[in-house]
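Chain by chain, the residues run as shown.
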Amino acid sequence: MRSLAIKLVLAFVAVTLVSVGAVAYISGRVTTEQFAVYVSRGGLLRAEAAVPQFAAYYARTGTWEGVEALVTSWIAGEKTSRGGRGQGRAGGGAGRLILASAEGMVVADSAGELAGTRLSKEVLAQGSPIVVDEQQIGTLVITTGDASSHGEPEEEYLASVQRALLWAGLLAGALGIGLGGVLAYQIIAPIRQLRSAATAIAGGDLSQRVDVTTGDEIGDLATAFNRMTAKLERQQALRRNLVADIAHELRTPLSVVRGSMEAMLDGVHPLDEAHLSPVYEEALLLQRLVDDLRLLSLADAGQLALERRRIEMSELVQSVVNAAEVAADHQRSGWRARCRPGCRPWWAMSNGCGRCSTT
């Protein structure tokens, strides 16, 4: 997998699915647990309201025999008070009433399924104890459906909540994947432009530039890339000009050397000091050019050593003055030769005669 876009999209998909799945799982679990607490609390409150009737029955009879009639009458009364809305299983909206002895044995069950069985501690904890003369003689549990699960209405409610969480998760996942794809494209587009420009530069086209559309790290990268290509283009132009200048500087002394040597070989000029001196001077010029090129190469490679030594400033200034005097005398002699008759030599200046305006 070499495409960065595919990697980013898959990463966004994985993060979105894991996040949405975790949220859906935790939300469903918490909803189920809290709803169970709510249902249990409601059953406990109804059981606490019915406990006085069963406590009075036991105090009057001293036994639980014949309590089924009281259970039936209580269920009927609950249905009547609820307007006959109970259409669920095992007592419907009136709920399911389970009466257990002090030992946890089921004495009566409105559904007629658990009589004679022993209830678990978890189920007994959902009921309300029946106390007569400060002694617990039983436990009254009111629940829906069987003793260990919700009734049909509650199951339908939980199923609807789970479906809502599922659809919400799917919608959030789709939106996350879509936004991840858009973000991946926004990240990849400038990178692809940089790749195309770098490929063109590798082919020799240093005029390539990329658009800077953002102010983040990608924008900083594009700015640095444009700065680099501009510097490379300037360096290439300087190198091209340097090569042209070197070729021009080498052509003149080589032409002089070649012309002088051909003339002496052909016998046009004698092989004497007067005709060999220009050749020697041009050879010295070529040597200086080669030395300068070597200095440039060392400087370009960062290996140019700086030689520091003490000098006398007076000697340096005097050498500059002497060189300037020679040049000034040479130019002043030229203007003196062109001045008008009667013009004093000291009026001669570098840009013409200051007295007779000779140019």
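Draft legend 1. Geometry of the overall build of the protein chain. Secondary structure summary: the protein chain contains seven helices and six strands in total. Beginning at the N terminus, the succession of helices and strands in the protein chain can be written as α-α-β-β-α-β-β-α-α-α-α-β-β. Surface exposure of the protein chain reaches about 24,400 Å², of which carbon and sulfur atoms provide 59%.

Draft legend 2. Looking closely at the pattern of salt bridges. Inspection of every chain in the model, using the stated rule, returns two salt bridges. In this structure, the salt-bridge partner of Glu 233 is Arg 209, at a minimum N-O distance of 2.9 Å. Here Arg 209 lies in the loop between helix 4 (152-202) and helix 5 (217-265) and Glu 233 lies in helix 5, a separation of 24 residues in the sequence. Residue classification places Glu 233 among the partly exposed residues on the basis of a relative accessible area of 34%. Judged by relative accessible area, Arg 209 falls into the partly exposed class, the value being 34%. Between Glu 262 and Arg 258 there is a salt bridge; the shortest N-O distance is 3.0 Å. Within this pair, Glu 262 and its partner Arg 258 are both found in helix 5, separated by four residues, close to a single helical turn. Judged by relative accessible area, which is 38%, Glu 262 ranks as partly exposed.

Draft legend 3. Looking closely at the pairing of strand 4 (residues 135-143). Extensive coverage of strand 4 is indicated by the burial of seven of its nine residues. Across six bridges, the pairing between strand 1 (residues 96-101) and strand 4 is antiparallel. Across the sheet, Arg 96 pairs through a bridge with Thr 143, a residue of strand 4. As paired strands, strand 3 (residues 128-132) and strand 4 are joined by five bridges and run antiparallel to one another. Paired with Val 132 across the strands is Gln 135, a residue of strand 4.

Draft legend 4. Molecular detail of the nonpolar core. Of all hydrophobic cores here, the largest spans 20 residues; its most connected members are Phe 54, Trp 64, Val 67, Leu 97, Leu 99, Ile 130 and Leu 140. When residues of this core are traced back to their parent elements, those giving at least two are helix 1 (4-61), helix 2 (68-81), strand 1, strand 3 and strand 4. Looking at this core element by element, the count peaks at six residues for helix 1. Non-local contacts of Ile 130, meaning those with residues more than four positions away in its chain, are made with Val 51, Phe 54, Ala 55, Trp 64, Leu 99, Gln 135, Gln 136, Ile 137, Gly 138, Thr 139 and Leu 140. Core analysis: the second largest hydrophobic core is formed by seven residues, Leu 194, Ala 197, Leu 206 and Ala 222 among them.

Draft legend 5. Local environment of the confidence of the model for the protein chain. Scored by pLDDT, the protein chain comes out at a mean of 78, with 82% of its residues at no less than 70. Element-level mean pLDDT values for the protein chain span from 44 in strand 5 (residues 348-349) up to 89 in strand 3. Within the model, pLDDT remains below 50 along residues 342-359, and this stretch shows 31 contacts once partners closer than five positions in the same chain are excluded.

Draft legend 6. Layout of the pairing of strand 1. A large share of strand 1 lies buried, amounting to six of its six residues. Side chains Arg 96, Ile 98 and Ala 100 of strand 1 all project onto a buried face; the interleaved residues Leu 97, Leu 99 and Ser 101 project onto the opposite face, where all are buried too. Between the antiparallel neighbours strand 1 and strand 2 (residues 106-109) lie four residues, among them Gly 104 with a positive phi of about 95°.

Draft legend 7. View of a nonpolar patch on the surface. A surface patch of nonpolar side chains, about 530 Å² in accessible area, is lined by Ile 311, Met 313, Leu 316, Val 317, Val 320 and Val 321. The residue Val 317 is located in helix 7 (residues 313-338) in this model.

Draft legend 8. How the structure looks around the packing of aromatic side chains. All chains considered together, the criterion is met by one aromatic pair. Aromatic side chains Tyr 58 and Trp 64 sit 4.9 Å apart centroid to centroid with 45° between the ring planes, which places their arrangement in the tilted category. For Tyr 58, a relative accessible area of 22% gives the class partly exposed. Owing to a relative accessible area of 9%, Trp 64 belongs among the buried residues under this scheme.

Draft legend 9. How the structure looks around the packing of helix 5 against helix 6 (residues 273-300). For the pair helix 5 and helix 6, interaxial distance at closest approach is 9 Å and the crossing angle is 160°. On the basis of the axis angle, helix 5 is roughly antiparallel to helix 6. Judged by the sense of rotation from one axis to the other, the crossing of helix 5 with helix 6 is left-handed. Of the residues in helix 6, those touching helix 5 at Leu 242, Ile 246, Glu 249, Leu 250, Pro 253, Leu 254, Val 256, Val 257, Ser 260, Met 261 and Met 264 are His 275, Leu 276, Val 279, Glu 282, Leu 285, Leu 286, Leu 289, Leu 293 and Leu 296. Tallied by class, residues from the contact of helix 5 with helix 6 come to 16 nonpolar, two polar and two charged.

Conventions adopted
Residues numbered from 1 in each chain as written. Predicted model: local features only at pLDDT ≥ 70, side-chain atom pairs only at ≥ 80, totals over all residues. Heavy atoms only, no water. Helix = DSSP H or I, 4+ residues; strand = E, 2+ residues; numbered from the N terminus. Areas by Shrake-Rupley, 256 points an atom, 1.4 Å probe, with all protein chains shown as cover. Salt bridge = Lys/Arg side-chain N within 4 Å of Asp/Glu carboxyl O. Buried < 20%, exposed > 50% of the residue type's maximum accessible area, 1.4 Å probe, protein only. Pairing = 2+ DSSP bridges. Core = buried A, V, L, I, M, F, W, Y, C linked by side-chain atoms within 4.5 Å. Contact = heavy atoms within 4.5 Å. pLDDT = per-residue confidence, 0-100. Patch = residues over 30% accessible without salt bridge, like charges linked within 9 Å, V, L, I, M, F, W, Y side chains within 5 Å. Phe/Tyr/Trp six-rings, centres within 6.5 Å; stacked < 30°, edge-to-face > 60°. Axes fitted to C-alpha atoms, helices over the stretch in contact; angles between N-to-C directions. Parallel < 35°, antiparallel > 145°, perpendicular 65-115°, else oblique. Left-handed = near helix turned anticlockwise from the far one by under 90°. Nonpolar A, V, L, I, M, F, W, Y, C, P; charged D, E, K, R; others polar.

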